[in-house]
Amino acid sequence: MIESARSYALAARSPAPVPKAAYRRDTMADAPRTELRDARRAGVFGCSVSFPIRYADVDAQRHLNNVAYFTFMEHARVLYLRELGLWKDWDFESIGMILAETSCRYTAPAYLGETVTVRTRVTHLGTKSFHFEYRLETERGEIATGKSVQVCYDYVQQRSIPMPAEWREAMVAFEPGL
C-alpha cells in the first residue's frame with residue numbers, strides 16, 4: 001500500500017481506480033519476472049512474463065498507451081526465444097528472424113501501478129515463418145490479445161530462409177500439438 005498522498009490522489013482520479021493494494025512502491029525498479037513452464041502442464045500458454053506499468057507507459061487518458069502493448073509483446077517474444085535457447089548471447093546477427101506482421105485487440109484498459117502479465121505461445125510453424133499468440137492481463141483479467149508473424153531471415157543476404165531445424169525441434173518439444 002502506498003502511503004504517499006500524491007500517489008493516492010493520482011489513483012483516485014483514474015477513470016477506473018485500481019485498489020490501493022495493487023499499487024507498489026518499487027514498480028520502476030522491478031525487473032520483469034519470467035516464467036517458462038512445460039506447456040503440457042501449464043495449460044495453453046507455457047511462457048509468461050510480468051511487467052509493472054510505469055509512468056512512461058501511461059498516456060494522457062491515464063491508461064496504458066497502445067504502443068506499450070506492442071513493447072510488452074516484443075519483450076515476451078524475445079524472452080520466449082531466449083528461454084528455449086534459440087537466441088544466445090544477445091547476438092542480433094544470430095537470431096535470423098524479422099517481424100513481418102503484428103496485431104493487437106484491446107479488451108480492457110490498464111492503469112499505472114498495475115502489473116501486466118504477457119502469456120506467449122507459438123501457434124503455427126511454417127517452412128520459413130512461425131506465429132506467436134499473446135494474452136495480456138492484469139490482476140483484473142484480460143486486457144488484450146495479440147498475434148505476430150516472424151519470418152526466418154538472413155540479414156547478410158537480405159532474404160528469407162528456411163526455419164533452422166533446432167528452432168523447429170525446440171518449439172515442437174515445448175508446444176504440444178504443433
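Residues numbered from 1 in each chain as written. Predicted model: local features only at pLDDT ≥ 70, side-chain atom pairs only at ≥ 80, totals over all residues. Heavy atoms only, no water.

Remarks on the pairing of strand β4 (residues 115–125)
Phase 1: Of all 11 residues in β4, eight are buried; the element is thus mostly enclosed.
Phase 2: Relative to β4, strand β2 (residues 47–52) is paired through six bridges, and the arrangement is antiparallel. Each bridged residue has a counterpart across the sheet, and for Ser-48 the counterpart in β4 is Arg-119.
Phase 3: For β4 and strand β5 (residues 129–138), the ladder comprises eight bridges, and the chain directions are antiparallel. Of the residues in β5, the one forming a bridge with Val-118 is Leu-136. (Buried < 20%, exposed > 50% of the residue type's maximum accessible area, 1.4 Å probe, protein only. Helix = DSSP H or I, 4+ residues; strand = E, 2+ residues; numbered from the N terminus. Pairing = 2+ DSSP bridges.)

Details of the packing of aromatic side chains
Phase 1: Taken as a whole, this structure holds eight aromatic pairs when the rule is applied.
Phase 2: Look at Phe-130 and Phe-132: their rings are 5.7 Å apart centre to centre, the planes differ by 70 degrees, and that puts the pair in the edge-to-face class. The same class applies to Phe-130 as to Phe-132, namely buried.
Phase 3: With a centroid separation of 6.0 Å and an interplanar angle of 85 degrees, the aromatic rings of Phe-130 and Trp-167 are classed as edge-to-face. Here Phe-130 is found in strand β5, whereas its partner Trp-167 is found in helix α5 (residues 165–174), with 37 residues between them in sequence.
Phase 4: Judged by relative accessible area, Trp-167 falls into the buried class, the value being 4%.
Phase 5: Among the aromatic residues, those joined into a cluster by ring pairs are Tyr-80, Phe-130, Phe-132, Tyr-134, Trp-167 and Phe-174. (Phe/Tyr/Trp six-rings, centres within 6.5 Å; stacked < 30°, edge-to-face > 60°.)

So, the environment of His-63
Phase 1: With respect to the helices, strands and loops of the structure, His-63 is situated in the loop between β2 and α3 (66–83).
Phase 2: The exposure class of His-63 is partly exposed, given its relative accessible area of 26%.
Phase 3: Between the C-alpha atoms of His-63 and Ala-110, which are 47 residues apart in sequence, the distance is 5.5 Å.
Phase 4: Those residues in contact with His-63 that sit more than four places away from it in its chain are Asp-57, Val-58, Pro-109, Ala-110 and Tyr-111. (Contact = heavy atoms within 4.5 Å.)

Examining the pairing of β2
Two faces, one strand: in a regular strand the side chains alternate between the faces of the sheet.
Phase 1: When you tally the buried positions in β2, you get six out of six residues, the bulk of the element.
Phase 2: By the alternation rule, side chains of β2 split into Cys-47, Val-49 and Phe-51 and Ser-48, Ser-50 and Pro-52, which are all buried.

A closer look at unusual backbone geometry
Phase 1: Of note, the phi angle at Arg-62 is positive, near 70 degrees, even though the residue is not glycine.
Phase 2: As for its placement among the helices and strands, Arg-62 is situated in the loop between β2 and α3.
Phase 3: On the basis of relative accessibility, which here comes to 41%, the residue Arg-62 falls in the partly exposed class.
Phase 4: Backbone geometry at Gln-158 places phi at a positive 55 degrees, although glycine is not the residue there.
Phase 5: Tracing the chain through its elements places Gln-158 in the loop between β6 (141–154) and β7 (159–160).
Phase 6: Looking at Gln-158, the relative accessible area reads 52%, which means it is exposed.

Observations regarding the nonpolar core
Phase 1: Counting 36 residues, the largest nonpolar core has Leu-64, Val-118, Phe-130, Leu-136 and Met-171 as its most contacted members.
Phase 2: The leading source of residues in this core is α3, at nine residues.
Phase 3: The residues contacting Leu-64, other than those within four sequence positions of it, are Ile-53, Asp-57, Asp-59, Tyr-69, Phe-72, Ala-110, Val-116 and Ile-143. (Core = buried A, V, L, I, M, F, W, Y, C linked by side-chain atoms within 4.5 Å.)

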